[in-house]
Structure formats: C-alpha cells, structure tokens
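# Summary of structural features
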Amino acid sequence: MKAQARLVVERDADGRNVVRDLRSMAPITLVPHRSRVRSANEPALVHLVSSVTAPLGGDDLELDVVVADGAHLVLRGVAATLALPGHLPGGSRARVRIEVGSKASVQFVPEPTVVTARARHEAELIVELAASALLRTREVLVLGRAGERPGSLTSTVRVRRDGGPLLDQSLRIGTPSLDASAAHLAGRRVLGTEVLCWGEDPAEPFSHDWWSLVPLARGGSLATSLAGDAVTAQAWLEAALDVHPGWRSRVG
C-alpha cells in the first residue's frame, strides 16, 4: 500500500490558527479538532489516526506538514502504531516531512511505535525550521509486544534550522546482542526521544538514572529515556521537559 497525506496550517486575518489544506489517504487519517470558540493564542489541534492496520510489510507511507509563518499546530496521535510483517516482500516505510515558517511552532507527538516480531520498518522524520520557528517532537519505540522478540527498525531524525543542520540521528534496533549492550539500550524494551527547539536551552546537560537532557551544539535539545514500559519512558521524557528552561517559560 502507498499513501500520501498533507496538512497545511495558516494564521488567518483574525490571528487564529486554521487548517487550510487537509488531505488524508488511508491509512493516514487527519482529524482536526473543532472547537466552537478558538482564541488567537490557541494552536490548531489535529489528531493523527490510522484508519486500517498499518504499516505492513510493503507499505510506503508519507505525510507532509506545512505550518505557515506565525501559525501554531499541535499534531497528536490517538493510538499506538504497530509495525507488522506483511504478505508482500520487503519492509515498510513511513516518512514525515514538516516545514515550519517564521515565528511559527509545531508540536508533533505521536503515540508509541511497537516493532512486532518479523517486522522490518523504516521511520524517517525530516523537519525544516525557519530561524525563529519552534519545534517539539517525540518518538517512543517499543521492542515487541509483551513476551515477544522485536523485529527490526531503523529510525532517522533530521532537523535543519535556517538552512543549516541541527540534528541528524539514525538508530537501528532489533539486533539482540546490540540491544542488550549497555552502550545501546541496556536490555530495556522502550526507548523515548524528544527534540526541543523551544526558546532557551539548558546551559549544561541534565541526567538521571534512565533519562537525560542534552543541549545540541547548534541549538535545540535532545531528551532521551530508557524504560521497561512506554508509560514510564514517557513520564521520564516529561521529567526532562520540566528542567528545560525554554519549555518551562512558555508552557504554564
């Protein structure tokens, strides 16, 4: 299955954030939240729904998101993604491309991705930020369902700001000896990461037993957590957000 979806959010003449273009294609379904009264400071809220079981082996899925100058978007998942083997040869691929304009912001917070047995999945996130744009994006990877060995997954995150590289990171999971290594996942089933380009970054890295928050060399911060379950991994990412000065100053 091949699918391409698109979402464009703009700021209207009254200063409200509105969805100007929304094109879903199964299994990628975009559902805007429709409130009766939307204040000028309230970001557009869109939910990302998988309308059929996906991704399966052979699937090629793409989502393009544009947040225009001055606009603000929160894009949230509503259920975990299951990467599954399929009847077609080859693995599955999902690519999300996000473009964020001047003085605009996006929060992309999907639900966890579970890499099931025999799945072969590639996930790629590409973000282009204007110099004054804000970004928050989260990824939570779960190695198999309960009692199940995981398949394989390659996750790539590329973030550029004002035309220059900010983060280029690739991760491969699904090799038992490597996943068990203390230099990789230390035998933990769930890996959470969060990229924040949201105002002031911490001057120094923060770390706890199983989470860390590290400022990046060219701006922005990367939070990482390892846990035995997705709930704990996400709670530790929230702990990292709590010590990020830019996030604390903008979110009450």
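Quick look at the structure, then. Because the structure is a prediction, the values reported are computed rather than measured.

Moving on, we come to the overall build of the chain. Check the secondary structure of the chain and you find three helices and 18 strands. A compact globule built from 252 residues would reach a C-alpha radius of gyration of about 18 Å, and the chain, at 18 Å, matches this within 12%. Its C-alpha atoms give the chain principal-axis dimensions of roughly 55 × 45 × 35 Å. Each of the 252 residues in the chain was classed as buried or not, and the buried ones make up 45%. For the chain, contacts bridging at least 24 residues in sequence account for 71% of all contacts bridging at least 6. Taking the average place of the 29 positive charges on the side chains of the chain and the average place of its 28 negative ones, the gap between the two points comes to 3 Å.

Before going further, it helps to spend a moment on the sheet that holds strand E1 (residues 2–11). Pairing within the open sheet is mixed, and its seven strands lie in the order E2-E1-E5-E8-E11-E13-E14. Among the strands making up the open sheet, the edge pair consists of strand E2 (17–23) and strand E14 (164–173). Sheet twist, expressed as the average angle between the axes of neighbouring strands with direction ignored, equals 10°. Two elements, strand E11 (residues 120–129) and strand E13 (residues 152–161), share 10 bridges in a ladder whose sense is parallel. Within the sheet, the bridge partner assigned to Arg120 lies in E13 and is Ser152.

All right, on to the nonpolar core then. Leu73, Leu75 and Ile98 are the most contacted members of the largest nonpolar core, which has 35 residues in total. Filtering out sequence-adjacent residues up to four positions away, Leu75 remains in contact with Leu7, Leu30, Val46, Leu48, Leu63, Val65, Gln107, Phe108 and Val109.

Leaving glycine out, the prevailing phi sign among residues is negative, and the prevailing peptide bond configuration is trans. With omega at 10°, the peptide bond leading from Ala26 into Pro27 counts as cis. If you trace the backbone, Pro27 turns up in the loop between E2 and strand E3 (28–32). Phi angles above zero are rare outside glycine, and Lys103 is one such case at about 55°. The topology assignment puts Lys103 in the loop between strand E8 (92–100) and strand E9 (105–109). The backbone of Asp162 shows a phi angle near 55°, a positive value even though the residue is not glycine. One can find Asp162 in the loop between E13 and E14.

Turning to the pairing of E13, a few remarks are in order. Relative to E14, E13 runs antiparallel, the two sharing nine bridges. Bridged to Arg160 within E14 is Pro165. Between the end of E13 and the start of E14, which pair antiparallel, lie two residues, with Asp162 showing a positive phi angle near 55°.

Cut-offs applied
Residues numbered from 1 in each chain as written. Predicted model: local features only at pLDDT ≥ 70, side-chain atom pairs only at ≥ 80, totals over all residues. Heavy atoms only, no water. Helix = DSSP H or I, 4+ residues; strand = E, 2+ residues; numbered from the N terminus. Rg over C-alpha atoms; globule rule 2.2 N^0.38 Å. Buried < 20%, exposed > 50% of the residue type's maximum accessible area, 1.4 Å probe, protein only. Contact = heavy atoms within 4.5 Å. Lys, Arg positive; Asp, Glu negative; His and termini not counted. Charge placed at Lys NZ, Arg CZ, Asp CG, Glu CD. Pairing = 2+ DSSP bridges. Axes fitted to C-alpha atoms, helices over the stretch in contact; angles between N-to-C directions. Core = buried A, V, L, I, M, F, W, Y, C linked by side-chain atoms within 4.5 Å.

Shape descriptors only; they carry no functional weight alone.
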